[in-house]
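Coordinate inspection notes
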Amino acid sequence: MAIIGVRIDGRLIHGQVANLWTTKLNITRIMVVDDEVATNAIEKSGLKLATPAGVKLSVLPVEKAATNILAGKYDSQRLLIVAKKPDRLLKLVELGVPLTEINVGNMSQTDETRSITKSINVVEEDVSVFKQLAAKGVHLIAQMVPSDKAEDFMSLLTK
C-alpha cells in the first residue's frame with residue numbers, strides 16, 4: 001500500500017502541505033479527495049499551481065479515489081491523501097481503503113464551529129464522523145507541521 005500520509009486540511013494544498021509535509025514524507029503524489037472540488041475547474045487549477053514541482057496531483061471524487069487506490073494504481077508511489085473534512089475520509093474507509101492514521105490539520109472557524117485547537121474548529125457532524133473513524137480503528141492525531149509533537153486528537157475532542 002502506497003498511502004504514506006492522510007491529512008484533513010480545509011485549505012487542501014498550501015505552504016504546510018506543499019512544502020513541509022511533502023518534503024518530510026518524501027511524497028510523490030498528492031491526492032485531494034473531494035466530490036465538489038473534483039468538479040470545480042477553477043479550484044483544480046489553483047491546486048495544480050500549489051503542487052510542488054516533481055509531485056504529481058490527483059483531484060478525485062471519493063468513490064473514484066477508493067477505486068483507484070484499491071486497484072493498486074498508486075502502489076509504486078508515495079501518496080499523501082488530503083481532504084477538507086473528515087466525512088470524505090470516513091467514506092474512503094467504508095469503501096474499503098485501509099486508513100490507519102489521519103492527521104487532523106486545519107479546519108477553519110465559522111459561526112457554526114467550536115474550537116478544538118487554535119487551528120481546528122468542528123461542527124457536531126464532524127465530531128460524529130471523528131467518533132465513527134475512531135470506532136473503525138483509525139488513529140486520529142493533531143499535528144500542524146512535522147516539527148510539532150503529534151497529539152491524540154480524540155482526547156482533544158473530548159476536552
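Residues numbered from 1 in each chain as written. Predicted model: local features only at pLDDT ≥ 70, side-chain atom pairs only at ≥ 80, totals over all residues. Heavy atoms only, no water.

This next bit is on the pattern of salt bridges. Pairs can form between side chains of opposite charge whenever their charged atoms are close. Inspection of every chain in the model, using the stated rule, returns nine salt bridges. Of the charged contacts in the structure, one is a salt bridge between D34 and R88, with a shortest N-O distance of 2.8 Å. With D34 in the loop between β2 (29–33) and α2 (35–38) and R88 in helix α5 (residues 86–94), this pair connects stretches of sequence that are 54 residues apart. For the pair D34 and R88, a shared accessibility class is recorded, and that class is buried. The shortest N-O distance in the salt bridge between R114 and E124 comes to 3.4 Å. Linking R114 in strand β6 (residues 114–115) with E124 in helix α6 (residues 124–135), this pair joins segments that are ten residues apart in sequence. Judged by its relative accessible area of 53%, E124 falls in the exposed class. Where salt bridges share partners, they join D34, E36, D87 and R88 into one cluster. (Salt bridge = Lys/Arg side-chain N within 4 Å of Asp/Glu carboxyl O. Helix = DSSP H or I, 4+ residues; strand = E, 2+ residues; numbered from the N terminus. Buried < 20%, exposed > 50% of the residue type's maximum accessible area, 1.4 Å probe, protein only.)

Turning our attention to the sheet that holds strand β8 (residues 139–142). Strand order in the open sheet formed by seven strands is β3-β2-β4-β1-β5-β8-β9, with mixed pairing between adjacent strands. Here the strands that pair on one side only, and so sit at the sheet edges, are β3 (56–60) and β9 (151–152). Examined bridge by bridge, β2 and β3 share five bridges and lie parallel to one another. Bridge pairing links I30 to L57 in β3. Packing against the sheet, helix α1 (residues 15–24) makes contact with β1 (3–9), β2, β4 (79–83) and β5 (101–106), and its axis sits at approximately 155° to β1. Of the strands in this sheet, β1, β2, β4 and β5 touch α5, which is tilted by about 125° from β4. (Pairing = 2+ DSSP bridges. Contact = heavy atoms within 4.5 Å. Axes fitted to C-alpha atoms, helices over the stretch in contact; angles between N-to-C directions.)

Turning to the domain arrangement of the protein, a few remarks are in order. Interface size is often expressed as the accessible area that is lost when the parts come together. Domain boundaries in the protein define domain 1 (24–83) and domain 2 (100–158). Using C-alpha coordinates to define each centre, domain 1 is positioned 21 Å away from domain 2. (Domains from an automatic or database assignment.)

Turning next to the pairing of β2. Of all five residues making up β2, five are buried, and the element is well covered by its neighbours. Summarising the sheet, β2 and β4 pair through four bridges and their orientation is parallel. Residue I30 lies in a different strand from β4, and its bridge partner there is L80.

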